[in-house]
Amino acid sequence: MNGVSIKYFVITIASIFVALGVGILIGFSVNSEKFVQKQFQQQLSFIDKNLVELKKENDRLLKEIDEYKTQINQLGKINNTLVNAYLKTCKSNAVVSLILTSTDYSYNDLIDF
């Protein structure tokens, strides 16, 4: 051969493949940043949407708790009034009746009473 050996051909081909690999790696790194940012934005919007829905649910449940507390206070006042009335009439052997109207037709409390 004319002074060009196989060693230079192998080095040339190896350097071409190394350059190709480095180019692919750099290209993937640049493109993956956009991909990661897009995925991050999607996850962030999903979390924000769920946070808004959870906030609405929390507000609804807090209102429901307040309504239950109001009902408990009203029932406590009724209970105190009935107990006082019963204690006043207890000496005269009077009969006290309690009529409760609701949509719940469970009679378990009545049996316990």
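Anything mentioned here points back to the structure above.
Just so it is clear, the model here is predicted, and its values are computed rather than measured.

**Q** Honestly, the overall build of the protein in this entry has me stumped. Any pointers?
**A** Of the regular secondary structure elements, the protein holds two helices and zero strands. Taking all 113 residues of the protein together, 1% fall into the buried category. As presented, the protein carries roughly 11200 Å² of accessible surface, and 64% of it is formed by carbon and sulfur atoms.

**Q** Quick question: what am I supposed to make of the pattern of salt bridges here?
**A** Any two side chains of opposite charge can pair, given that their charged atoms come close. If you walk through the whole model with that rule in mind, you get three salt bridges. Residue lysine 55 is joined to aspartate 59 by a salt bridge in which the shortest nitrogen-to-oxygen separation is 3.6 Å. Highlighted residues: lysine 55 and aspartate 59, both in helix 1 (residues 6-89), separated by four residues, approximately one helical turn. Bridged by salt links that share partners, the residues Glu57, Arg60 and Glu64 form one connected network.

**Q** How do you make sense of the packing of aromatic side chains when you look at a structure like this?
**A** Geometrically, a pair of aromatic rings is defined through the distance of the ring centres and the angle of the planes. Inspection of the entire model under this criterion finds zero aromatic pairs. Sitting over the face of the ring of tyrosine 8, lysine 7 holds its NZ or CZ atom 5.7 Å from the ring centroid.

**Q** How do you make sense of a nonpolar patch on the surface when you look at a structure like this?
**A** On the surface, Ile13, Phe17, Leu20 and Ile24 cluster together into a nonpolar patch covering about 430 Å² of accessible area. Given the relative accessible area of 47%, isoleucine 13 is considered partly exposed.

Criteria and cut-off values
- Residues numbered from 1 in each chain as written.
- Predicted model: local features only at pLDDT ≥ 70, side-chain atom pairs only at ≥ 80, totals over all residues.
- Heavy atoms only, no water.
- Helix = DSSP H or I, 4+ residues; strand = E, 2+ residues; numbered from the N terminus.
- Buried < 20%, exposed > 50% of the residue type's maximum accessible area, 1.4 Å probe, protein only.
- Areas by Shrake-Rupley, 256 points an atom, 1.4 Å probe, with all protein chains shown as cover.
- Salt bridge = Lys/Arg side-chain N within 4 Å of Asp/Glu carboxyl O.
- Phe/Tyr/Trp six-rings, centres within 6.5 Å; stacked < 30°, edge-to-face > 60°.
- Lys NZ or Arg CZ within 6 Å of the ring centre and 35° of its normal.
- Patch = residues over 30% accessible without salt bridge, like charges linked within 9 Å, V, L, I, M, F, W, Y side chains within 5 Å.

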